[in-house]
Amino acid sequence: MGYLITLEGGEGSGKTSILKLMADILGQQGHQIVCTREPGGIEIAEQIRGVILDRNNSSMDPRTEALLYAAARRQHLVEKVIPALEAGKIVLCDRYIDSSLAYQGYARGLGIEEIYTVNKFAIDDYMPDLTLYFDVEPKVGLARIEKDAGREVNRLDVESMKFHETVREGYHILVGQYPERIQVIDAGNSIEKVLEDALAVVADFMDSRKN
């Protein structure tokens, strides 16, 4: 059985860039790597992603949003993640269940436990083996997005600063709830330092699983 390693963080935390760099390095080390993202990763889930993140859908109800994320997650899991894990591969996933807990559960005010229950139905027992949380102040992350002309600007990017600050609070709560699974990476550092720190955490995790 392989490992499911998820990368989490607020908007502009740099996790997507780090994922690509990590995948290259881990691949060079001989690991079989599958890179994917949520919502998305496979055709059906990418279609749902388009609905969720469309800036024209500003009237979307928070519960609708949460259910769409869970639906995309389920299809992505059974179609791509589980087969990769069963083949012994390492799956690097840009966002997973913790995003729903932080964004919809905490920031949208739907309740972390309530959103966990919805997602438990979607994922069965497929929780991440390791989660890297890239922590950065929202104002720093959003400033990065403004400078990145090639990055998509979606419906969540244009939420208020208060919303993004609340998302960060939600993530910090999750770190407290799952201290062994969720490892915090200071994403305010240079990309070289963030990559180094992330790889060190993954290496420690891999070593621990050998024992």
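Residues numbered from 1 in each chain as written. Predicted model: local features only at pLDDT ≥ 70, side-chain atom pairs only at ≥ 80, totals over all residues. Heavy atoms only, no water.

An unreviewed UniProt entry lists the protein chain under the name Thymidylate kinase, with Planococcus koreensis given as the organism. Taken directly from UniProt, the Function (unreviewed entry) text for the protein chain runs: "Phosphorylation of dTMP to form dTDP in both de novo and salvage pathways of dTTP synthesis." The UniProt entry for the protein chain carries this comment under Sequence similarities (unreviewed entry): "Belongs to the thymidylate kinase family." (UniProt positions renumbered as here; feature names shortened; annotations may be inferred.)

Caption draft 1: Structural context of the overall build of the protein chain. Helix and strand counts for the protein chain come out as 8 helices and 5 strands. For the protein chain, the N- to C-terminal ordering of α and β elements is β-α-β-α-α-β-α-α-β-α-α-β-α. The proportion of buried residues among the 211 residues of the protein chain is 48%. In the protein chain, the share of contacts with a sequence separation of at least 24, taken over all contacts with a separation of at least 6, comes to 79%. Roughly 10200 Å² of accessible area belongs to the protein chain as shown, and the carbon and sulfur atoms make up 50% of that amount. Of the charged side chains in the protein chain, 24 are positive and 34 negative, and the gap between their average positions amounts to 2 Å. (Helix = DSSP H or I, 4+ residues; strand = E, 2+ residues; numbered from the N terminus. Buried < 20%, exposed > 50% of the residue type's maximum accessible area, 1.4 Å probe, protein only. Contact = heavy atoms within 4.5 Å. Areas by Shrake-Rupley, 256 points an atom, 1.4 Å probe, with all protein chains shown as cover. Lys, Arg positive; Asp, Glu negative; His and termini not counted. Charge placed at Lys NZ, Arg CZ, Asp CG, Glu CD.)

Caption draft 2: Focus on helix H1 (residues 15-28). The first and last C-alpha atoms of H1 sit 20 Å apart over 14 residues, in line with the 20 Å expected at 1.5 Å per residue. Burial in H1 covers these residues: Lys15, Ile18, Leu19, Met22, Ala23 and Leu26. Seen from one end, H1 has its buried residues packed into an arc of 140°, which puts them on one side. Opposite the buried face of H1, by more than 90 degrees, sit the exposed residues Lys20 and Gln28. For H1, the secondary structure elements touched by its buried residues are strand E1 (3-9), strand E2 (33-37), strand E3 (90-94), strand E4 (130-135) and helix H8 (191-210). (Expected span 1.5 Å × (residues − 1). Arc of directions from axis to C-beta.)

Caption draft 3: Seen up close, the packing of helix H6 (residues 138-147) against helix H7 (residues 161-177). Viewed as axis vectors pointing N to C, H6 and H7 meet at an angle of 120°, and their least axial separation amounts to 9 Å. Considered as vectors, H6 and H7 are oriented oblique to each other. For the crossing formed where H6 meets H7, the hand is right-handed. The residues of H7 that touch H6, namely those facing Pro138, Lys139 and Leu142, are Met161, His164, Glu165 and Arg168. Residues belonging to the contact of H6 with H7 are distributed by class as follows: 3 nonpolar, 1 polar and 3 charged. (Axes fitted to C-alpha atoms, helices over the stretch in contact; angles between N-to-C directions. Parallel < 35°, antiparallel > 145°, perpendicular 65-115°, else oblique. Left-handed = near helix turned anticlockwise from the far one by under 90°. Nonpolar A, V, L, I, M, F, W, Y, C, P; charged D, E, K, R; others polar.)

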